[in-house]
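Each chain, letter by letter, is given below.
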Amino acid sequence: MSCLFCKIAEGSIPSTPVYQDELCYAFADLNPQAPVHVLIVPRQHIASLAETTAEDRPLLGHLFWAAGEIARAKGLPAGYRVVVNTGKDGGQTVDHLHLHLVGGRPFGWPPG
Ligand code: 5GP
Ligand code: ZN
């Protein structure tokens, strides 16, 4: 498997771990866009949210639960944002499903 985030999740490419369990791996983004910028990926390779099926519902719930747990552990009382860039128009650059957890500064809306 030549997927970057599969390799990071299995440990063959180094990363800074933030949280992990049997279903997901969370690590610091290499190019952080905020004081807190964590990527949460399923251990299973799924290319993007567009490729998910009904079978993936528990996993998707787990990923969002993990994002909330990490945010609570980081202590972000003013709030934070969870983003899932999907496909070309969504700005996705790595084709392995991932949640961005960003916080520690205010974010604008709508996104660019
Ligand atoms: P996307 O643009 O696909 O939503 O997000 C991909 C994210 O992966 C980007 O924020 C980028 O900085 C991050 N990223 C790309 N390559 C690496 C890497 O090798 N290690 C880590 N930790 N993050 C990476
Ligand atoms: Zn992958």
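These notes cover the structure that comes with them.

Criteria and cut-off values
- Residues numbered from 1 in each chain as written.
- Chains lettered and ligands numbered in written order.
- Predicted model: local features only at pLDDT ≥ 70, side-chain atom pairs only at ≥ 80, totals over all residues.
- Heavy atoms only, no water.
- Phe/Tyr/Trp six-rings, centres within 6.5 Å; stacked < 30°, edge-to-face > 60°.
- Helix = DSSP H or I, 4+ residues; strand = E, 2+ residues; numbered from the N terminus.
- Buried < 20%, exposed > 50% of the residue type's maximum accessible area, 1.4 Å probe, protein only.
- Near = heavy atom within 4 Å.
- Polar contact = N/O pair within 3.5 Å; in protein donor to acceptor, adjacent residues only side chain to side chain.
- Areas by Shrake-Rupley, 256 points an atom, 1.4 Å probe, with all protein chains shown as cover.
- Nonpolar A, V, L, I, M, F, W, Y, C, P; charged D, E, K, R; others polar.

### Considerations on the packing of aromatic side chains
Now for step 1: Counted under the stated rule, the structure contains three aromatic pairs.
Now for step 2: Aromatic pair tyrosine 19 and tryptophan 65: ring centres 6.2 Å apart, planes at 75°, arrangement edge-to-face. Here tyrosine 19 is found in strand E1 (residues 17-20), whereas its partner tryptophan 65 is found in helix H2 (residues 57-74), with 46 residues between them in sequence.
Now for step 3: You can call tyrosine 19 partly exposed: its relative accessible area is 23%.
Now for step 4: Here tyrosine 25 and phenylalanine 27 contribute two aromatic rings whose centre-to-centre distance is 5.5 Å and whose plane-to-plane angle is 20°, an arrangement assigned as stacked. For the pair formed by tyrosine 25 and phenylalanine 27, the shared burial category is buried.

### Focus on the site of ligand 1
Now for step 1: For ligand 1, the set of nearby residues contains 16 residues, the closest of which are Asp29, Asn85, Thr93, His98 and His100.
Now for step 2: The backbone of alanine 28 places a nitrogen or oxygen atom 2.9 Å from a nitrogen atom of ligand 1.
Now for step 3: Between ligand 1 and valine 94, the relevant distance is 3.1 Å, taken from an oxygen atom to a main-chain nitrogen or oxygen of the residue.
Now for step 4: Protein contact buries 82% of the 520 Å² of open area that ligand 1 shows by itself.
Now for step 5: Broken down by secondary-structure element, the contributors of at least two residues to the shell around ligand 1 are helix H1 (4-10) and strand E2 (24-28).
Now for step 6: When residues in the shell around ligand 1 are grouped by element, the largest group, three residues, is from H1.
Now for step 7: Here the shell around ligand 1 is composed, by residue class, of eight nonpolar, seven polar and one charged.

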